[in-house]
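Spelled out from the first residue to the last, the chains are:
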Amino acid sequence: MTENMKVLVLNGPNLNLLGSREPAIYGSQTLADIEQQLQQHAADHNAQVRCQQSNHEGELVSMIQQAAQDNIDAIIINPGAYAHTSVAIRDALLAVALPFYEVHLSNPHAREPFRHHSYLADIARGVISGCGALGYHLALTAALTHCRAASQ
């Protein structure tokens, strides 16, 4: 696991609209921009990142389940609104038992009350919110650090 770690980055609903969707809240970078930066960050640390996005809960569940079969070392997930609604995604993450990090571009606790609860936060290795696109990089650094330390 110390060499060429594999990290799956999952993005939930509406994140395909980054760059044009409410830039005052979510920033002006596109999802493709963020993914390209993560690819470079991973390469700089002798790791691989696979990025996927879906607007469909069941597809995200299938991607999580597939991660275990693909020998993924860790997951970074921005579940979008599914953080506040999806027991299915929670159950899939528990089932595969891979370390994962929950990321949110905005700070859900500074927004509407229904966004204050996450079904994933209490089982995540870490939660990063309100840091914009930097949150993905922080999560990747944490995932690489944790997995490499665990393999020694």
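Nothing here was measured: the structure is a model prediction, and the numbers come from that model.

Calculation rules
Residues numbered from 1 in each chain as written. Predicted model: local features only at pLDDT ≥ 70, side-chain atom pairs only at ≥ 80, totals over all residues. Heavy atoms only, no water. Helix = DSSP H or I, 4+ residues; strand = E, 2+ residues; numbered from the N terminus. Expected span 1.5 Å × (residues − 1). Buried < 20%, exposed > 50% of the residue type's maximum accessible area, 1.4 Å probe, protein only. Contact = heavy atoms within 4.5 Å. Salt bridge = Lys/Arg side-chain N within 4 Å of Asp/Glu carboxyl O. Pairing = 2+ DSSP bridges.

Student: Give me the lowdown on helix α5 (residues 134-150), citing residues and values where you can.
Tutor: Between the first and last C-alpha of α5 there are 24 Å, a value that for 17 residues agrees with the 24 Å anticipated at 1.5 Å per step. Here α5 has its buried residues at Gly 135, Tyr 136, His 137, Ala 139, Leu 140, Ala 143, Leu 144, Cys 147 and Arg 148. Contacts from the buried residues of α5 go to β1 (5-11), α2 (31-44), β2 (47-53), β3 (74-78), β4 (100-104) and β5 (126-129).

Student: Before we move on, could you go through the pattern of salt bridges and cite the residues and values that matter?
Tutor: As enumerated under the stated definition, the model contains two salt bridges in all. Between Asp 70 and Arg 50 there is a salt bridge, with its nearest N and O atoms 3.2 Å apart. You can see Asp 70 sitting in the loop between α3 (57-69) and β3 and its partner Arg 50 sitting in strand β2, a full 20 residues away along the chain. Since its relative accessible area comes to 31%, Arg 50 is described here as partly exposed.

Student: Account for α3, with residues named and values stated.
Tutor: The end-to-end C-alpha distance of α3 is 19 Å, a good match for the 18 Å that 13 residues give at a rise of 1.5 Å each. Contacts made by the buried residues of α3 are with β1, β2, β3 and α4 (87-96). One or two positions beyond α3, positive phi appears at Asn 71, with a value near 55°.

Student: Before we move on, could you go through the pairing of β5 and cite the residues and values that matter?
Tutor: Every second residue of β5 is oriented toward a common face, the buried set being Gly 126 and Ile 128 and the non-buried set Val 127 and Ser 129. Pairing between β4 and β5: four bridges, direction parallel. Across the sheet, residue His 104 finds its bridge partner in β5, namely Ser 129.

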